[in-house]
Amino acid sequence: METKPLVSAAQYVRMSTEDQQYSIANQEAAIQTYAKSHGYVVASTYADAGKSGIEIKHRKELRRLLSDVVSGRAKYRAILVYDVSRWGRFQDVDEAAHYEFLCKSAGIPVLYCGEQFDNDGSLASSMMKALKRTMAAEYSRELGTKVSAGQRRVAALGFRVVGAAGYGLRRMIVSSDGRRRLLLKTGERKAITTDRTILVLGPKKEVACVRTIFELADLRKTPREIAEELNVSHRHSSHERHWDRASVYRILTNEKYAGCNTYGKTTQELCSRSRVVERHLWTTNPEAFVPIVNRDIFDRVQRLIKKRGTHPERTDAYFIQGMKRVLAREGKLTKRILERKFTFSHTYYKRFGSVMRAYELAGFLPPSRTVKLIDTQKQMKFLRNDLYIRLKQLFSDRIRFISLPGQQFRQIVEIDGRLRVAIYLCRAVNNTSAGETGWLLRVRPLEKDFPALICTVDQSFSKLLNFYVFSPLADTLKYRVLRENQPWLSSGWKLGKLDDFCNVAREVAASQSESVRYTSVDDILIAGDTWMIILDKREIMLGPIGSAIFSVLALNAGQAVSRDRLGQLSQTLLDPHNLNAHISKLRVKLGPEGRKRIQTVPGEGYMYVSPEKAAEGSTALVSQWHI
């Protein structure tokens, strides 16, 4: 009797949590039974262990399966799945249908081995499949509601449900009859489901520091002043870090230090965006833990913080009187004096229309030199905006304007989504060393590594004269006076008309140092003259901050880079207090797989870890080359 050849198939298995230790094995056994009885042989396995079925972004193996099927790399002719829920509990049932359709349209059907219907496209099977998808999605919604209600009940009883203990506190496991078992370390979880977790006082040094923070706040010191005082006295926060305003503020506003257990400040339903919950909907137990500070001090501090954060609406008359008082003391008004003596930032000038109008209302007549400078700045701003409009009209489909960190009025231009060019307007200056008219160029640090469009301005500041395209000005002095027939100015590419700007800029960038230098770290290419990296054939723009952080980490692969060192990369770009936010943003740009390469080293900083060599303890392969 002639035997029928077995059809090659792939199996996809999934379990939601690591606790379901036999789930995948049971699925594989059921799939094997189905395959033998239906003439299939399992040739490939895709397994997502401990992955929720609600969304696809965390399910690496399902994404790999779909990629293999759509690209034509798959060598099998069917996909075997235990049931509809293992394929996914997508909240939009059309999403599950879409992924199945991708496989079916590539000639590789999805077969459900544990269901009571055949996935043959018949009316009955289609209706059952749609019903099963809806039931799978509804199961997740119902389970989420039940879990949330259970967690709220546990929190109301005074037990800690989620989150780290925090500075000055520790998590303690207690049994169902209230006996204390042991302290949990960072990252540890309770193993017995009937046990609960409470917060207890931490080390004496940390407890004393928290009390000091509240005592200083009660003396009307601001969080920033408290942080400075703690750092001077060499008291460190968690992981031996220095205190800053944010870390002190978090302690001062957290009710757990007064013994109150709070749960439900934010909510995130089924992988949706997290949102803040109104205070009256929180679950609280005011006397759940032993407090570090008493409730009276905590409440006084909250009132002080609230009062400090509430500013009455300040009228124009308030600012005018303030400027008059400063004028009476200083004898003059300048931007710097007002910022230092009256916290009058430049944004307040908009109230009065202009700087000159504000000075006029305060009774101050600036010197003629200052008036001329202000008028010059206004005219230069007009010329710059006019240039932006002209470029946008000429190259509407090729360029866009972007602002670098810290820039308020200036922008740089990006050509074809790749090449970034700085724009300099050089005003005319007289009495140069050569006794002839020149133009003043001031190189801005943030833009010195970009090719530059240099525009000369006439003496009346009414029009732009000539346009030059230069390679990056990194090696140029901060200030330079340009003159006609000057060798340096002649080294630039003079544009006959502004219409040639994009093409000339690309030629200048292409000829720069004859090639673009790349640094190779594992499978990543780091561009030496832009903020771009190439990862898995994708071009990722990291920006100036992300690029600086990533380059330092990657070039020190396998070694922890301290927070202090990362914070000193560039004081004009990176605020050390916001390093955590910059690291988080960098991980998002690197994607689900790339983000794993940036690891946190508690108490030290951050470290780049090679994707495949981390387990071997070896460092990354770093090399430099040109293309």
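None of these values were measured; they are calculated from a predicted model.

Conventions used here
Residues numbered from 1 in each chain as written. Predicted model: local features only at pLDDT ≥ 70, side-chain atom pairs only at ≥ 80, totals over all residues. Heavy atoms only, no water. Helix = DSSP H or I, 4+ residues; strand = E, 2+ residues; numbered from the N terminus. Core = buried A, V, L, I, M, F, W, Y, C linked by side-chain atoms within 4.5 Å. Buried < 20%, exposed > 50% of the residue type's maximum accessible area, 1.4 Å probe, protein only. Contact = heavy atoms within 4.5 Å. Pairing = 2+ DSSP bridges. Axes fitted to C-alpha atoms, helices over the stretch in contact; angles between N-to-C directions. Parallel < 35°, antiparallel > 145°, perpendicular 65-115°, else oblique. Nonpolar A, V, L, I, M, F, W, Y, C, P; charged D, E, K, R; others polar. Patch = residues over 30% accessible without salt bridge, like charges linked within 9 Å, V, L, I, M, F, W, Y side chains within 5 Å. Areas by Shrake-Rupley, 256 points an atom, 1.4 Å probe, with all protein chains shown as cover. Salt bridge = Lys/Arg side-chain N within 4 Å of Asp/Glu carboxyl O. Arc of directions from axis to C-beta. Phe/Tyr/Trp six-rings, centres within 6.5 Å; stacked < 30°, edge-to-face > 60°. Lys NZ or Arg CZ within 6 Å of the ring centre and 35° of its normal. Lys, Arg positive; Asp, Glu negative; His and termini not counted. Charge placed at Lys NZ, Arg CZ, Asp CG, Glu CD. Expected span 1.5 Å × (residues − 1). Polar contact = N/O pair within 3.5 Å; in protein donor to acceptor, adjacent residues only side chain to side chain. Left-handed = near helix turned anticlockwise from the far one by under 90°. pLDDT = per-residue confidence, 0-100.

Enquirer: Which parts of the structure should I look at to understand unusual backbone geometry?
Expert: The phi angle of most residues is negative, glycine excepted, and most peptide bonds adopt the trans form. We note that R220 has phi near 70°; this positive angle belongs to a residue other than glycine. Here R220 shows up in the loop between α6 (204–218) and α7 (223–232).

Enquirer: What should I look at first to understand the nonpolar core in this one?
Expert: Across soluble globular proteins, nonpolar side chains have a tendency to be buried as a group. With 31 residues, the main nonpolar core has I213, F214, I226, W243, I251, L252 and Y257 as its most contacted residues. At the level of secondary structure, the elements contributing two or more residues to this core comprise β5 (169–174), β7 (196–201), α6, α7, α8 (245–252) and α9 (295–309). Considering every element that reaches this core, the biggest residue donor is α6, with 7 residues. When neighbours within four sequence positions are excluded, I251 is seen to be in contact with Y167, V210, I213, F214, W243 and Y257. One finds C455, L464, V469 and L498 within the second-largest nonpolar core, a separate group that totals 29 residues.

Enquirer: Would you mind showing me how to read the sheet that holds strand β19 (residues 479–482) here?
Expert: By way of backbone hydrogen bonds, the strands of a sheet pair with one another, either parallel or antiparallel. Overall, antiparallel pairing links the 3 strands, which are arranged β15-β16-β19 in an open sheet. Among the strands making up the open sheet, the edge pair consists of β15 (428–429) and β19. Note: strand β16 (residues 438–442) against β19, 4 bridges, orientation antiparallel. Looking at β19, one finds that L441 is bridged to R480.

Enquirer: Quick question: what am I supposed to make of the packing of α6 against α8 here?
Expert: The axes of two packed helices give the description: the angle between them and the distance between them. In the contact formed by α6 and α8, the axes pass within 10 Å of each other and the chain directions differ by 90°. Between α6 and α8, the angle is such that the two are roughly perpendicular. Taken together, the residues of α8 that come into contact with α6 (itself represented by V210, I213, F214 and A217) are V248, I251 and L252. Considered class by class, the residues forming the contact of α6 with α8 number 7 nonpolar, no polar and no charged.

Enquirer: Honestly, a nonpolar patch on the surface in this entry has me stumped. Any pointers?
Expert: Taken together, the side chains of M128, L131 and M135 define a hydrophobic patch exposed on the protein surface, amounting to about 280 Å² of accessible area. The residue M128 is located in helix α5 (residues 123–156) in this model.

Enquirer: Mind showing me how you'd approach α7 here?
Expert: It helps to recall that an α-helix has 3.6 residues per turn; residues three or four apart then point in one direction. When we look at burial in α7, the residues that qualify are P223, I226, A227 and L230. Projection of α7 onto a plane perpendicular to its axis shows the buried side chains occupying an angular sector of 100°, all on one side. Summarising the contacts, the buried residues of α7 are in contact with α6, α8 and α9. Immediately downstream of α7, the backbone of H234 shows phi near 60°, a positive value.

Enquirer: Sorry, what's going on with the packing of aromatic side chains here?
Expert: In this description, a pair of aromatic rings is defined by centroid distance and the angle of the planes. The final tally for this structure, using the stated rule, is 12 aromatic pairs. Among the aromatic residues, those joined into a cluster by ring pairs are Y468, F470 and W488. The ring of Y249 carries the charged tip of R245 above its face, separated from the ring centre by 5.8 Å.

Enquirer: Got a minute to help me understand the side chain of S175 in this structure?
Expert: Relative to the helices and strands, S175 is located in the loop between β5 and β6 (180–184). Once residues within four sequence positions are removed from consideration, S175 is found in contact with R181 and D195.

Enquirer: Hey, could you run me through a positive patch on the surface in this one?
Expert: A surface patch of positive charge is lined by R325, R329, R336, R340 and K341. Where the positive patch is concerned, the elements lending two or more residues are α10 (316–330) and α11 (335–342). By residue number, the principal contributor to the positive patch is α11, which donates 3 residues. With respect to the helices and strands, the residue R325 is situated in helix α10.

Enquirer: Where do I start with the sheet that holds strand β27 (residues 605–608) in this structure?
Expert: Judged by pairing direction, the sheet is antiparallel, and its 3 strands sit side by side in the order β25-β27-β26 without closing on themselves. Two strands in the sheet have a free side with no partner beyond their single neighbour: β25 (561–562) and β26 (598–601). In this structure, β25 lies alongside β27, joined through 2 bridges in antiparallel fashion. Across the sheet, residue S562 finds its bridge partner in β27, namely G605. Those strands touched by helix α16 (residues 543–555) are β25, β26 and β27, and its axis lies near 65° from that of β27. Contacts between helix α18 (residues 579–594) and the sheet are confined to β26 and β27, with β26 contributing the most and set at about 140° to the helix.

Enquirer: Looking at this model, I keep getting lost on α6. Mind explaining?
Expert: For α6, built from 15 residues, the straight-helix expectation of 21 Å at 1.5 Å per residue is met to within 8% by its first-to-last C-alpha distance of 21 Å. In this structure, the buried residues of α6 make contact with β5, β7, α7, α8 and α9. Positive phi shows up at R220, right after α6, with a value of about 70°.

Enquirer: How should the side chain of D458 be read in this particular structure?
Expert: As for its position among the elements, D458 is in the loop between β17 (452–457) and β18 (464–470). Within the buried set, D458 has no salt-bridge partner at all; the shortest N-O distance to an opposite charge, 5.5 Å, is to K463. Here the side chain of D458 touches S460 through a polar contact of 2.7 Å, side chain to side chain. If we ignore the near neighbours within four places in the chain, the residues touching D458 are A428, K463 and L465.

Enquirer: For this particular structure, what's the right way to read the packing of α6 against α9?
Expert: For the pair α6 and α9, the least separation of the axes is 9 Å and the interaxial angle reads 50°. As judged from the angle between their axes, α6 and α9 are oblique. Classified by chirality, the crossing of α9 by α6 is left-handed. Where α6 approaches α9, its residues F214, A217 and D218 are matched on the opposing element by I297, F298, R300, V301 and L304.

Enquirer: It is not clear to me how the pairing of β27 should be interpreted in this structure. Could you clarify?
Expert: Regular strands show a simple pattern: their side chains alternate between the two faces of the sheet. Relative to β27, β26 is paired through 4 bridges, and the arrangement is antiparallel. In the sheet register, Q599 faces β27, and the bridge partner there is M607.

Enquirer: Is there a simple way to think about the environment of F467 in this case?
Expert: Its place among the elements puts F467 in strand β18. Separated by 11 residues in sequence, F467 and T456 have C-alpha atoms that sit 6.8 Å apart. With residues near it in sequence (within four places) discarded, F467 still touches L387, R390, L453, I454, C455, W493, K494, L495 and L498.

Enquirer: How do you make sense of the pattern of salt bridges when you look at a structure like this?
Expert: Where charged atoms of side chains with opposite charge meet at close range, the side chains can pair. Under the defined criterion, the tally for this structure stands at 21 salt bridges. Its salt-bridge partner being E360, residue R357 comes within 3.3 Å of it at the nearest N-O pair. Here R357 and its partner E360 are both found in helix α12 (residues 355–361), 3 residues apart, which amounts to about one turn of the helix. Given a relative accessible area of 53%, E360 falls into the exposed group.

Enquirer: How do you make sense of the confidence of the model for the protein chain when you look at a structure like this?
Expert: Should pLDDT be low for a region, the predicted coordinates there are not to be read in detail. Averaged over every residue, the pLDDT of the protein chain is 83; the share at 70 or more is 90%. A low-confidence stretch, residues 614–627 (pLDDT under 50), is modelled with 37 contacts involving residues beyond four sequence positions or located in other chains.

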